[in-house]
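Given next are the chains, with one letter for each unit.
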Amino acid sequence: MNYWWDGFLKTTFKKFCLLILAGLGMGTLLLGLKPWLFSASEPVVEIPIAVTDIQQAKNGLWLIPREGLVETSDQPESFVFRLKHLRTERLPVEINGYTDDSILVRSDDLRAEDLLVIEPGLIQAGQAVAPTAGVDAERLVHLTLLAGIEAAMAEDLDESVRFISPSYHDDVGFNFILMRKFLERAYEEFDQPQIELAEPPVIQIKGSKAVALAQVRLTAIHQGRRNYLLGDQDNSNTIFIMLDGSPGSWKVSQIEGLRPLGFEGGLLKHLGADLGLPLTPAEREHKNSFCMPCRQRMKERFGTGS
């Protein structure tokens, strides 16, 4: 038995697998307790809002609803709040004219796919929001997936777990509280994660449940070298992401199909044993058989493990 490599698996390799899980929003609830009781910070508070599409009039000119514009006497300019990764982003605009129910504004930053906050009121820039009107469920699921990916690439722990359902449950057995601890360590160990969707996710929704089929590649820098953790140059990792819905919000409740370094999902079960997950005697015996293949794959991709 190579004890050096066994220790390596319990630190470095486990951490990048957990980084994979972070990027895809894995987590669940431990012992029926609220996960935030053991978190280092408070959960992200999402403000319910209504949003609306905008219409392009010509280059740089946009028709927006009157209730989407903010004009105050103590502000030198008019502005709007648009949705960016399910947070609000303040954009200044120049008023060019009025119609019965719309305003023609000039902005070089607005895009045709943007959603604006309706009657923004006292909402601040950067506020986490839950759109309860003005966007359909499929689009909101898509926005949730993109926001979770952005949070992972920013290595933002609080924002990453924002998109995890407290009732997460999968066949591996990872739980929310322990995952949060190791996600923090993963973000410390790996630099500049990059998550790529080979194509837009295929999303199916039935009531308050959604399933997204995604083709994912993930790279990160480890000890100065960037390489693939999910998928590779020629192939992506096909995963299924299940989400639970509530008014204005979708949260990841289960993930299937993760293949870190190209290995099957059983490896995640064995890594979970270090978190306190129970293994059968056969699973404990099988765990040792992963050492040499993982060591070789790490050496091939990151130049480590020799």
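Residues numbered from 1 in each chain as written. Predicted model: local features only at pLDDT ≥ 70, side-chain atom pairs only at ≥ 80, totals over all residues. Heavy atoms only, no water.

Caption draft 1: Local environment of a negative patch on the surface. A cluster of acidic residues, Glu67, Asp100, Asp101 and Glu119, forms a negative patch on the protein surface. Summarising the element assignment, Asp100 is placed in the loop between strand S5 (87–98) and strand S6 (102–106). (Patch = residues over 30% accessible without salt bridge, like charges linked within 9 Å, V, L, I, M, F, W, Y side chains within 5 Å. Areas by Shrake-Rupley, 256 points an atom, 1.4 Å probe, with all protein chains shown as cover. Salt bridge = Lys/Arg side-chain N within 4 Å of Asp/Glu carboxyl O. Lys, Arg positive; Asp, Glu negative; His and termini not counted. Charge placed at Lys NZ, Arg CZ, Asp CG, Glu CD. Helix = DSSP H or I, 4+ residues; strand = E, 2+ residues; numbered from the N terminus.)

Caption draft 2: Geometry of the nonpolar core. Ile49, Leu83, Val141, Ile241 and Leu243 are the most contacted members of the largest nonpolar core, which totals 53 residues. Counting residues in each nonpolar core, the second largest holds 11 residues, with Leu69, Val93, Val105 and Leu116 among its members. (Core = buried A, V, L, I, M, F, W, Y, C linked by side-chain atoms within 4.5 Å. Buried < 20%, exposed > 50% of the residue type's maximum accessible area, 1.4 Å probe, protein only.)

Caption draft 3: Spatial organisation of unusual backbone geometry. A positive phi angle, close to 55°, is found at His85, a residue other than glycine. Residue placement: His85 occurs in the loop between strand S4 (78–84) and S5. We classify His85 as partly exposed; its relative accessible area is 33%. Even without being a glycine, Glu155 presents a positive backbone phi close to 55°. Overall, the relative accessible area of 26% leaves Glu155 in the partly exposed class.

Caption draft 4: Broad picture of the pattern of salt bridges. Taken as a whole and judged by the stated rule, the model has 11 salt bridges. A salt bridge links Glu46 to Arg162; the nearest nitrogen and oxygen atoms lie 2.7 Å apart. Remark: Arg162 occurs in helix H3 (residues 157–162) and Glu46 occurs in the loop between helix H1 (3–24) and strand S1 (47–53); sequence separation between them is 116 residues. Two residues, Glu89 and Arg82, come together in a salt bridge whose shortest N-O distance is 2.7 Å.

Caption draft 5: Examining the environment of Gly245 more closely. Within the secondary structure layout, Gly245 lies in strand S13 (residues 237–246). Between the alpha carbons of Gly245 and Lys209 there is a distance of 6.0 Å; along the sequence they are 36 residues apart. If we ignore the near neighbours within four places in the chain, the residues touching Gly245 are Ser208 and Trp250. (Contact = heavy atoms within 4.5 Å.)

Caption draft 6: Region of the structure containing the environment of Leu197. Note on placement: Leu197 falls in strand S9 (residues 191–197). Each C-alpha atom, one on Leu197 and one on Arg217, is 6.6 Å from the other, the two residues being 20 residues apart in sequence. Excluding anything up to four places from it in sequence, Leu197 contacts Leu146, Ile149, Ala214, Gln215 and Val216.

Caption draft 7: The arrangement of the pairing of S5 in detail. As defined by bridge partners, S4 adjoins S5 across 7 bridges and the pair is classed as antiparallel. Bridge assignment links Phe79 to a residue of S5, and that residue is Pro92. In this antiparallel pair of consecutive strands, S4 and S5, the connection spans 2 residues, and His85 shows a positive phi of 55°. Counted along the chain from S5 to the antiparallel partner S6, the turn is 3 residues long. (Pairing = 2+ DSSP bridges.)

Caption draft 8: Highlighting the side chain of Ser249. Relative to the helices and strands, Ser249 is located in strand S14 (residues 249–256). Here Lys251 takes part through its side chain, which lies 3.3 Å from a polar atom of the side chain of Ser249. Ignoring anything within four residues of it in the chain, the contact list for Ser249 reads Glu46, Leu140 and Asp244. (Polar contact = N/O pair within 3.5 Å; in protein donor to acceptor, adjacent residues only side chain to side chain.)

All quantities given are derived from atomic positions and should not be read as evidence of function.
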